[in-house]
Amino acid sequence: MAVAPALLLFDGIDIPGLRTLEVYEGRGGYESLRKALAQEPQEVLATLEASEIRGRGGAGFAMGKKISFLPKGAIERYLVCNADESEPGTFKDRELLEKNPHMLIEGIVIASYAAGASRSFIYIRGEYVEPALALEQAIAEARAAGYIGEHILGSGHSLSLVLHRGAGAYICGEETALLDSLEGKRGNPRLKPPFPANQGLYQGPTLINNVETLATVPSIVRLGGEEYARIGVANSTGTKLVSVSGHVQRPGNYEVELGIPSRELIYDLAGGPPEGRKVKCWFPGGSSSPVLTGDDLDVPYDFDSMAKAGSMLGSGAVIVVDDATPILDVALKVAKFYRHESCGKCTPCREGTNWTVKMLERIETGEATPMDLEIMASVQEHIIGNCLCVLGDAMAMPIGSMIAKFRDEFEDHIERARAARGTA
Amino acid sequence: MSAREEGAPASQIESRTRAARAAAWLTRVPRFEHGSRVPGWDEAVDLEKDPALIPDPEQVEVPEGLRREIEARMRDYPDRRSAALPALRAAQELHGWCSPEALEQVACVMRVTPGYLESVATFYDMLEVHPVPAHDVYVCTNISCSLRGADDLYETLRAAAGDDVNVRAFECLGACDIAPMASVDGTYIGPLSTADVPVLLDDLRAGREVLADRHLSRRPVADPRGRESSGEGHLGGGS
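Residue positions are given per chain, counted from 1 along the sequence in the order it is written. Throughout, the order in which chains and ligands are written sets their labels, letters from A for the former and numbers from 1 for the latter. Reporting in this predicted model follows two pLDDT cut-offs: at least 70 for local features of residues, and 80 or more for side-chain atom pairs to be given and counted; totals over whole chains, interfaces and linings ignore these cut-offs and use all residues.

Caption draft 1: A look at the overall build of chain A. Each helix is a run of H or I in the DSSP string that is no shorter than four residues. Each strand is a run of E no shorter than two, and both are numbered from the N terminus. On a plain count of helices and strands, chain A comes out with 17 helices and 13 strands. We compute the radius of gyration from the C-alpha atoms alone; for a globule the expected value is 2.2 Å times N to the 0.38, where N is the number of residues. Relative to a compact globule of 424 residues, whose C-alpha radius of gyration would be 22 Å, chain A shows 22 Å and is just as compact. Overall, chain A is about 80 × 45 × 35 Å in size when its C-alpha atoms are taken along their principal axes. Buried positions account for 59% of the 424 residues belonging to chain A. What counts as a contact is two residues whose backbone-derived C-beta atoms lie within 7 Å of each other. Taking all contacts inside chain A whose residues are at least 6 apart in sequence as the whole, residues at least 24 apart take part in 72%. With C-beta atoms placed from the backbone, a residue is buried if 20 or more other C-beta atoms are within 10 Å of its own, exposed if 12 or fewer are, and partly exposed between those counts.

As structure tokens, then:
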């Protein structure tokens, strides 16, 4: 194992009072903001582009490129921080929000300077009561200290920051649904294009980034873009917070250098499955990512390697399922979730999630035939790429991968349930 | 064609089996008495009724605290409608749920129709559009929690809770590190087992801190290096 780089996001995360401005400043907090404001916005943007940091929310789009897509000129630009963290298995942002909110605020102010945004919003999911409280206090402190507001630290940059709490809807983590929700509507996704960079919040150019991405910005400015890009592997630079959960002995958040072997993450850090159990399958990036099996444990944990293995890094949420769990239970749980959360706007998603649940239930009750697996697989194919947003895909991809990888088990389950039903 | 015509009885049989199949299908799907799965299908729309208007401030009495809260939130945004969620939450805190009265008061201050607010309120899981008990217990029953026994926990809690506790199975609450867990009036608590249920409910009803040793906010980070760097020797020398 190579020498791990210094922690960037979790360094001293549990120091008492880190969430207060006093302790945060005592540890060098807001120094990166001073450094950034002494430069031209273009220089800060160049630093972010040089860092090659990719978005930590799920899509993995390069942050610097996203900023450069914003139209120039005298026009009101918005920055929105996506703190709706609701991808099942993901809880990394929660730890940052609750324990180190000032790091996020500093990142937001720096990013807004680079993007030329004058209004910013943090959309936090409604269930996060304690993190919202920590953020609210931190925002008030930052405002009183002049880090948010008019002419920040005597510079020409001004920024307002409003904390907006959601009210319980997975779909609001999707960027355009989030914008609708922030505008006070039902959280329905919008047609893209236009992308939010051109027409986002209140029809204005909008930069949307995940909490972790923005919280990394102060570290990037401190280290310099090139230096940051040396951490990790090509095309997956930096460190990443990974939430490991499910059948592991030490579930929790770990900050790792991108590119480490997945086995190290699941076994060395999270302790692996309980004694005597083996990894049956695992989701590398939240419940929306296609599952990998115990044979894939040596795949490096980075964006490209995961894509090559047929899955995705997603939000960095590893969910481990051990060999004592029937794959049908996992599939049913996942499908039911997406059925509940589908906003209902697009037919393939609304109907596809519903029928997938029904077909999986048929397997359980012994009404299914092996042909159902074909139909179910074809339903998944018809969802992918045919909706406004990727919620339907987010069910179709894992379910499709489960049918492909555990076909024997599904068929076996169908036969056993049919036999049991016949004799009953 | 002629062969088919000769076989008329056969096609009758076929249509009979189809009808039988349709009848079987009808009984399998839960339906209302009027035969549809859609509630209110047999109720005609009242065409005489006026559309709901933006409430008249002269006629709607809005509690002063609620009005101030909503007005303050409307000032946070370039478009006042952005305050819909915070305003509805404030009204729900006051009224216990998004009752017609609550919606009317919010609509009156925000200058929107109650119908608009109802369309918003029905979209979000945390806004209650029916009366609910005073305490909320959201049990996460999503994949990570369910792998560790959340479904049993939910059933047990549900059975043990009385009329004063709103026990709901919730989608991933973002705390899989303490799975299985629940959000008790907004406080994340876990890991929980079915054995904790009586204590949890007792604490909740007595107004005590619920399972104080199991609060997520008091749990250190799992990352060993994160813990190490938070040790006393490192204070002040982090970055």
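Caption draft 2: Structural view of the overall build of chain B. When you go through chain B residue by residue, the secondary structure sums to 10 helices and 4 strands. Secondary structure elements of chain B occur, N-terminal to C-terminal, as α-α-α-α-α-α-β-α-α-β-β-β-α-α. Excluding contacts between residues fewer than 6 apart, the proportion of contacts in chain B whose partners are at least 24 apart in sequence is 58%.

Caption draft 3: Inspection of the interface of chain B and chain A at higher detail. On the side of chain A, 58 residues touch chain B, which itself brings 48 residues to the contact. Of all the secondary-structure elements, those providing two or more residues to the side of chain B that touches chain A are helix 4 (84–95), helix 6 (114–121), helix 7 (143–147) and helix 10 (224–228) of chain B. Charged residues are taken to be Asp, Glu, Lys and Arg, nonpolar residues to be Ala, Val, Leu, Ile, Met, Phe, Trp, Tyr, Cys and Pro, and polar residues to be all remaining types, Gly included. Looking at the side of chain B that touches chain A residue by residue, the classes come out as 22 nonpolar, 16 polar and 10 charged.

Caption draft 4: Representation of the sheet that holds strand 10 (residues 279–283) of chain A within the structure. Residue and element names in this part refer to chain A. The strand order 8-7-13-10-11 describes an open sheet built from 5 strands, whose pairing is mixed. Of all the strands in the sheet, just strand 8 (252–257) and strand 11 (292–293) have a single pairing partner and so form its edges. The sheet contact formed by strand 7 (residues 239–246) and strand 13 (residues 317–322) spans 4 bridges and is parallel. For serine 243, the partnering residue across the bridge sits in strand 13 and is alanine 317. Strand pairing is assigned whenever DSSP detects at least two bridges linking the two strands.

Caption draft 5: Focus on the sheet that holds strand 1 (residues 135–140) of chain B. Residues and elements named next belong to chain B. Across the sheet, 4 strands lie side by side as 2-1-3-4; this open sheet has mixed pairing. Every interior strand has two partners, whereas the edge strands, strand 2 (165–170) and strand 4 (187–189), have only one. Along the sheet, successive strands turn relative to each other by an average axial angle of 25°, direction set aside. Running over the sheet, helix 8 (residues 150–160) touches strand 1 and strand 2 and is turned about 155° from strand 1. What counts as an axis is a line fitted to C-alpha atoms, over the stretch in contact for a helix, and the angles between N-to-C directions run from 0 to 180 degrees.

Caption draft 6: Local environment of the nonpolar core. By convention the nonpolar core is taken to be a set of buried residues drawn from Ala, Val, Leu, Ile, Met, Phe, Trp, Tyr and Cys and joined through C-beta atoms within 7 Å. Residues Leu265(A), Trp282(A), Leu88(B) and Val106(B) are the most contacted members of the largest nonpolar core, which totals 156 residues. Broken down by element, the residue count for this core peaks at 10 residues, all from helix 6 (residues 101–115) of chain A. Leave out the neighbours within four places in its chain, and Val106(B) touches Ile70(B), Ala87(B), Leu88(B), Ala91(B) and Leu117(B). In this structure, Phe91(A), Val137(B), Tyr154(B) and Ala179(B) belong to the second largest nonpolar core, which totals 30 residues.

Caption draft 7: Summary view of the packing of helix 14 (residues 347–365) of chain A against helix 16 (residues 391–405) of chain A. All names here are of chain A. Closest axis-to-axis distance for the helix 14/helix 16 pair is 9 Å, and the angle between their directions is 35°. Remark: the crossing between helix 14 and helix 16 carries left-handed chirality. Seen from helix 14, the contacting residues are Pro348, Cys349, Gly352, Thr353 and Thr356; seen from helix 16, they are Leu391, Gly392, Met395, Ala396 and Ile399. When grouped by side-chain class, the residues that make up the contact of helix 14 with helix 16 number 6 nonpolar, 4 polar and no charged. It is the rotation of the near helix from the far one that decides the hand of a crossing: anticlockwise by less than a right angle makes it left-handed, clockwise makes it right-handed.

Caption draft 8: Spotlight on the pairing of strand 1 (residues 78–83) of chain A. Residues and elements named next belong to chain A. Strand 1 sits mainly inside the fold: 6 of its 6 residues count as buried. Burial of the side chains of strand 1 extends over both faces: Tyr78, Val80 and Asn82 are buried on one face and Leu79, Cys81 and Ala83 on the other. Relative to strand 2 (residues 119–124), strand 1 is paired through 6 bridges, and the arrangement is parallel. Bridge pairing in strand 2 places cysteine 81 opposite isoleucine 122. As judged from the 5 bridges shared by strand 1 and strand 4 (residues 206–210), these two strands associate in the parallel manner. Residue pairing for strand 4: asparagine 82 is matched across the bridge by asparagine 210.

Caption draft 9: Spotlight on the environment of Thr156(B). Residues and elements named next belong to chain B. Assignment of secondary structure puts threonine 156 in helix 8. Of the residues examined, threonine 156 has 19 C-beta atoms within 10 Å and is grouped as partly exposed. For the pair threonine 156 and leucine 94, spaced 62 residues apart in sequence, the C-alpha separation works out to 30 Å. Sequence-distant contacts of threonine 156, that is, excluding residues within four places in its chain, are made with Thr194 and Val197.

Caption draft 10: Representation of helix 9 (residues 197–206) of chain B in the model. Residues and elements named next belong to chain B. If you check which residues of helix 9 are buried, you get Leu200, Leu201 and Leu204. Considered in projection along helix 9, the buried side chains sweep an arc of 90° and stay on one side of the axis. Seen from the buried face of helix 9, the exposed residues on the opposite side, beyond 90 degrees, are Pro198, Asp202 and Ala206. Elements that come into contact with the buried residues of helix 9 comprise strand 1, helix 8, strand 2 and strand 3 (182–184). In the stretch just after helix 9, glycine 207 is the one whose phi turns positive, near 75°. Arc definition: directions from the helix axis to the C-beta atoms.

Caption draft 11: Just the environment of Phe406(A), in detail. All names here are of chain A. Looking at the element boundaries, phenylalanine 406 is found in the loop between helix 16 and helix 17 (407–423). Note on phenylalanine 406: 21 C-beta atoms within 10 Å, which makes it buried. Taking the C-alpha atoms as reference, phenylalanine 406 lies 19 Å from aspartate 393; in sequence the two are 13 residues apart.

Caption draft 12: Fine view of unusual backbone geometry. Cis peptide bonds are those with omega within 30 degrees of zero, and the linkage from Ala179(B) to Pro180(B) qualifies with -10°. In this structure, Pro180(B) sits in the loop between strand 2 and strand 3. Here the bond from Gly190(B) into Pro191(B) is cis, since omega is -5°, no more than 30 degrees from zero. Even without glycine at this site, Glu52(A) takes up a positive phi of about 55°.

Caption draft 13: How the structure looks around the confidence of the model for chain B. All names here are of chain B. Per residue, pLDDT measures the predictor's confidence, with a range of 0 to 100. On average, residues of chain B carry a pLDDT of 87, and 86% of them reach 70 or more. In this model, residues 1–8 is a region of pLDDT below 50 whose contacts with residues beyond four sequence positions or in other chains number 0 contacts. Across residues 232–239, confidence stays below pLDDT 50; counting only partners more than four residues off in sequence or on other chains, it has 12 contacts. Note on the complex model: pTM 0.91, ipTM 0.94.

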